[in-house]
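Okay, here's what each chain looks like letter by letter:
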Amino acid sequence: MHYFVSVLAVRARAWAVLSTWLLVLLAAAPARATHIVGGELDLQHQTGSTYTLTLTLYFDAINGNAAALDQALTAGVFDKATNRQLQSVVLPLTSNTFVSYTNPACAVGSLSTRKLVYSKNITLDAATYTSASGYYAAVERCCRNLAISNITTPGGAAQTFYLEFPAVVRSGATFVDSTPRIFPALGDYACLNNLFYYDFGGIDPDGDSLAYDMVTPLNGHSTAANPSPLPTAAPYSTVTWTAGLSTTNQIPGAPALGIDAHTGRLTVRPSRLGLFVFGVRCAEYRKGVKIGETRRDFQLYVLNCPSNNPPVVTVQANGRAYQAGRDTVRLLPGGARCLTIYYTDPDPNSTLTLTTQPVNFTDAATAPSFTTRTSGTVHAAGQPDTLTATLCFPECADTKGKVYRLNVLVADNGCSLPKRDTVQVAFIVAPLAPTTPVFTTSFPAARVPETAPTVVRVALGQPYTATLLGTDTVPNPLALTATGEGFSLATVGMGFSAQNGTGRATATFSWLPACGPATASDSGLVVHFVLTQTAVCKSQTLTRTIRFVVARPTDSLAFRPPNVITPNGDGLNEAFTLDQALPPDFCASQFAGVSIFSRWGRLVYQSPARSFSWAGGGVGGVYYYLVTFTDGRRFKGWVEVMP
């Protein structure tokens, strides 16, 4: 592009036009109020019956008369069915700022716009605003710019700022609606015979559907002699187009000015120089029924801009030039996953910027990214004629066999808007194939599939150890961990030591079972041993679950005590003892004592020692004994003494 060294010529022409405007302004007394670029009304729900009514007025900061900068404007609220006025609202000026250019470097002295905001909270009472036909609000103000070239007598043309809104109660229920918010206007101009685009789309706070169309701007009742009248009910007259122009041809061109009904994107390739006013309507629908609308008027200045050639972008894939519409790039695991982008511009001193735009996919994990700079200047001192960038797809990108499409775009820094070039790349990409690690242990083999923990029985006071090994044919990071189910390994004396690494991990588990919580429960302790593979695309885990049970000694089912003693001095069966016959002591289950009774219930012997020995006390007969343990277990029996 021929950047704005040539802007001086444009500015000279623009200032000449401006000078003409100023002479006309000074010569026509009623034109002192000419200043309106456009604007719109907005109604936003706050809480309950409170809404904020806002008027945004775009003011020509170059040609507008400072005396026309109102400190307040009056809005009227009307019933659509009867045109009866329900409210008159004075809107004070709350903000005064400048509208920004898309590219500030493209600014021209003949175009500057102020954004004036007038706002006030109002009440829409539920007892009043119930009409099924809905309501409208309007503000009338004169006058538009004298230099507007597509309407007749522009210096006497006014604007009616207008919106429609529904009843606040429907079918006995509260009905809340806020006006769609149209995106802020920009201060840009268009270039003759060059494509110009403008985003007038909006967002709706209530999630209603929006539809856009071109409308003839409303003029209304205000005049140059009465530029700011009190609100008056509809109908409002419209501006009058000059010969050959109409609602569908407000700015002539190929194409003429039009708007996308769904996105609100304005497009025009103007074929005539001048200043053009235009009108856009944004209607909102809820469940297929129209509930309101707002209108925005604005103006577009068409200049004779310096020549600007579009940039050019090309793509190289797998070592050869990619041909859009014919080729499909196939990116396989282990192969090249990057594209080389070349971009240039025939104009000197052009600053170019690369971007990408997914066409038929939204998966961020598949979208490629640049690994190099994406902007630079060409055909300038010390700069190359062509720039190069690298665009790489993630290792884990996966189109699942489908063809995805990606736009690779380059834009220059031309005025007033960048020119672009696009290559649409069709591609199929597959991720790296995952590998499954191998997990082996010295624990007993698990059932396949492992539906329940493997049981490992250990002896009290006997050390137990096991080894674990994880391997991977691909050098992915591996890690071994052990976690107790509902307990910490350290609290029960278990140890786990791991040496994790790339492609291999080893670990040792150890335990010296002791009396405590681990042995108090017959259900044992469950430990999960996990091998984690951290792969580039998809991590995996393998688990061995072991239930450790401390084996109890033989219990009362094996209790077989002697039942006859012969204390006669022959060295055989001389005394009654149970040390070997009793169940062994086990943690909380310890021998507590023995009591021996005569057949009449008289206690004849008692001892707390597990190794007790009773010789019968010299009196023959049948005696009865009771053995108790600390966990409450009891063993009863009889013994006969035969002297």
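Residues numbered from 1 in each chain as written. Predicted model: local features only at pLDDT ≥ 70, side-chain atom pairs only at ≥ 80, totals over all residues. Heavy atoms only, no water.

1. Section: the overall build of the protein
A count of helices and strands for the protein gives 2 helices and 42 strands. Its C-alpha atoms give the protein a radius of gyration of 46 Å, more than 25% over the compact-globule value 26 Å for 643 residues. Each of the three principal axes of the protein carries a C-alpha extent, and together these read 150 × 70 × 35 Å. Buried residues in the protein amount to 45% of all 643 residues. Per element, the accessible surface of the protein, about 30,000 Å² overall, is 54% carbon and sulfur. In the protein, 45 side chains carry a positive charge and 39 a negative one; their mean positions are 1 Å apart. (Helix = DSSP H or I, 4+ residues; strand = E, 2+ residues; numbered from the N terminus. Rg over C-alpha atoms; globule rule 2.2 N^0.38 Å. Buried < 20%, exposed > 50% of the residue type's maximum accessible area, 1.4 Å probe, protein only. Areas by Shrake-Rupley, 256 points an atom, 1.4 Å probe, with all protein chains shown as cover. Lys, Arg positive; Asp, Glu negative; His and termini not counted. Charge placed at Lys NZ, Arg CZ, Asp CG, Glu CD.)

2. Topic: the pairing of strand β2 (residues 50–60)
Along any regular strand, the residues point their side chains to alternate faces of the sheet. Burial runs high along β2: 10 of the 11 residues are buried. Alignment of strand β1 (residues 36–47) against β2, held across 10 bridges, turns out to be antiparallel. Across the sheet, the residue bridging to H45 is Y51, located in β2. When β2 meets strand β5 (residues 113–123), the two strands line up antiparallel, connected through 11 bridges. Bridge assignment links Y51 to a residue of β5, and that residue is I122. (Pairing = 2+ DSSP bridges.)

3. Things to note about the confidence of the model for the protein
Averaged over every residue, the pLDDT of the protein is 90; residues scoring 70 or more account for 93%. Below pLDDT 50 for its whole length, residues 1–32 participates in 48 contacts with residues either more than four positions away or in separate chains. (pLDDT = per-residue confidence, 0-100. Contact = heavy atoms within 4.5 Å.)

4. Observations regarding the pattern of salt bridges
Side chains carrying opposite charge are able to pair once their charged atoms draw close together. Scanning all chains against the criterion turns up 17 salt bridges. Two residues, D206 and R286, come together in a salt bridge whose shortest N-O distance is 3.6 Å. Placement of D206 in the loop between β13 (202–203) and β14 (209–215) and of R286 in strand β17 (residues 274–286) is noted, with a sequence separation of 80 residues between them. Relative accessible area serves as the criterion here: at 31%, D206 is assigned to the partly exposed category. Each of the salt bridges in this network shares a partner with another, and the network as a whole consists of D213, R281, K290, E293 and R295. (Salt bridge = Lys/Arg side-chain N within 4 Å of Asp/Glu carboxyl O.)

5. As for the sheet that holds strand β12 (residues 196–199)
With antiparallel pairing, the 3 strands of this open sheet are ordered in space as β12-β16-β15. The open sheet is flanked by β12 and β15 (258–259), the only strands paired with a single partner. For β12 and strand β16 (residues 265–268), the ladder comprises 4 bridges, and the chain directions are antiparallel. What sits directly across from Y198, in β16, is L266.

6. Digging into the sheet that holds strand β26 (residues 386–392)
Spatially, the 5 strands line up as an open sheet ordered β20-β19-β22-β26-β24, and their pairing is antiparallel. Edge strands, defined here as strands with exactly one partner in the open sheet, are β20 (320–321) and β24 (369–370). In terms of strand pairing, β24 meets β26 through 2 bridges, oriented antiparallel. In the strand pairing of β26, F370 is matched with L391.

7. Examining the state of the cysteines
Within this structure, the stated rule accounts for 6 disulfides. Across the disulfide, C191 is cross-linked to C305 (sulfur-sulfur distance 2.0 Å). Measuring the twist about the S-S bond at about -80 degrees, one finds the C191-C305 disulfide to be left-handed. In this pair, C191 is assigned in strand β11 (residues 190–191) and C305 in the loop between β18 (289–303) and β19 (312–317), connecting sequence segments 114 residues apart. Here C515 connects covalently by a disulfide to C587, the sulfurs 2.0 Å from one another. Here the S-S torsion is close to -85 degrees, and the disulfide linking C515 with C587 is therefore left-handed. (Disulfide = S-S within 2.5 Å.)

8. Describing the pairing of strand β35 (residues 504–511)
The alternating pattern of β35 places A505, A507, F509 and W511 on a buried face and R504, T506, T508 and S510 on a face that is not buried. Pairing analysis gives 8 bridges linking strand β31 (residues 464–471) to β35, with the strands arranged antiparallel. By the bridge assignment, T465 is partnered in β35 with S510. Pairing of strand β33 (residues 494–499) with β35, which is carried by 6 bridges, proceeds in the antiparallel orientation. Opposite F496, over in β35, you have F509 as the bridge partner.

9. What to know about the packing of aromatic side chains
The tally for this structure, following the rule as stated, stands at 32 aromatic pairs. On the basis of an interplanar angle of 25 degrees and a centroid distance of 5.7 Å, the ring pair of Y135 and F165 is categorised as stacked. Of the two residues, Y135 is situated in strand β6 (residues 135–142) and F165 in strand β7 (residues 158–165); the sequence distance between them amounts to 30 residues. Judged by relative accessible area, which is 1%, Y135 ranks as buried. Centre to centre, the rings of F509 and F548 are 4.9 Å apart; their planes meet at 20 degrees, and the pair counts as stacked. Placement of F509 in strand β35 and of F548 in strand β37 (residues 540–551) is noted, with a sequence separation of 39 residues between them. A relative accessible area of 1% places F548 in the buried class. Grouping aromatic residues by their ring pairs yields a cluster made of F443, Y464, F496, F509, W511, F529 and F548. (Phe/Tyr/Trp six-rings, centres within 6.5 Å; stacked < 30°, edge-to-face > 60°.)

10. Concerning the environment of D125
Within the secondary structure layout, D125 lies in the loop between β5 and β6. When the C-alpha positions of D125 and L73 are compared, they lie 23 Å apart, and in sequence the two are 52 residues distant.

11. Digging into unusual backbone geometry
Note that the residue after A234, namely P235, is joined by a cis bond; omega there is 10 degrees. Summarising the element assignment, P235 is placed in the loop between β14 and β15. In the segment running from C415 into S416, the intervening peptide bond is cis, with an omega of 5 degrees. One non-glycine residue, S171, adopts positive backbone phi at about 55 degrees.

12. Some remarks on the side chain of D327
Along the polypeptide, D327 turns up in the loop between β20 and β21 (329–331). Apart from residues no more than four positions distant in its own chain, D327 is found in contact with R320, A321, Y322 and A426.

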